[in-house]
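# Structure assessment
Now for the letters of each chain:
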Amino acid sequence: MAPWGWFAMSFTTLLLWGLIAAAAVLLVRNLRGDRATPGTAATTEAEALLAGRYARGEIDDEEYARRLAVLRGHAPGPTPR
């Protein structure tokens, strides 16, 4: 077999084992149920801080609703003045 044949065979073998390892990792993650979304804890903490400001009367109903919508990713468009 020519040198390129050995290289192609070695590369294909490494690629195959890499794909098998990636599939195994994805299968284990799926079976374990690792579905935590990044930023969830930070969002709930920010919502708690916002609720505290609202409870203390630092912000009004409109501002609370607007900021809560921004935190939850439902930012309203600009309000006309």
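Now for a look at the structure at hand. Predicted model only: the values in this text are computed from it and were never measured.

This part takes up helix 1 (residues 3-32). Since one α-helical turn is 3.6 residues long, residues separated by three or four positions face the same way. Relative to the 44 Å expected for 30 residues at 1.5 Å per residue, helix 1 spans 44 Å between its end C-alpha atoms, a close match to the ideal helical length. Positive backbone phi, at 80°, marks Gly33, one or two positions downstream of helix 1.

Tallying each qualifying case throughout the model produces four salt bridges. Of the charged contacts in the structure, one is a salt bridge between Arg53 and Glu58, with a shortest N-O distance of 3.1 Å. Its relative accessible area of 28% is what places Arg53 among the partly exposed residues. Among the ionic pairs, Arg67 bridges to Glu63, the shortest N-O distance being 2.7 Å. Taken together, the residues span about one helical turn, with Arg67 and Glu63 both in helix 3 (residues 61-71) at a distance of four residues. Of the residues examined, Arg67 reaches a relative accessible area of 31% and is grouped as partly exposed. Linked by salt bridges that have partners in common, Arg53, Arg56 and Glu58 make up one network.

Given two aromatic rings, their pairing is described by the distance between the two centres and the angle made by the two planes. A complete count under the given rule lists three aromatic pairs for this structure. Both rings, one in Phe7 and one in Phe11, keep their centres 6.4 Å apart while their planes meet at 15°; by these two values the pair is stacked. Note that Phe7 and Phe11 are positioned in helix 1 at a spacing of four residues, about one turn of the helix. Taking relative accessible area as the criterion, Phe7 reaches 53% and is therefore assigned exposed.

Reading guide: rules and limits
Within every chain, residues take consecutive numbers counted from 1 along the sequence as written. In view of the model being predicted, local features appear only for residues whose pLDDT reaches at least 70, and side-chain atom pairs are presented and counted only at 80 or more, with totals across whole chains, interfaces and linings using the full set of residues. Values reported for side chains reflect all heavy atoms of the structure, with hydrogen atoms and water molecules removed beforehand. Strands are runs of DSSP state E lasting at least two residues, helices are runs of H or I lasting at least four, and both sets are numbered from the N terminus onward. The span you would expect from a helix comes to 1.5 Å times its residue count less one. Here, a salt bridge means any Lys or Arg side-chain nitrogen found within 4 Å of an Asp or Glu carboxyl oxygen. Burial classes follow relative accessibility: with a 1.4 Å probe on protein chains only, a residue under 20% of its type's maximum area counts as buried, one over 50% as exposed, and anything between as partly exposed. Aromatic pairing here means that ring centres of Phe, Tyr or Trp (its six-membered ring) are within 6.5 Å. Orientation follows from the plane angle: under 30 degrees is stacked, over 60 is edge-to-face, and everything else is tilted.

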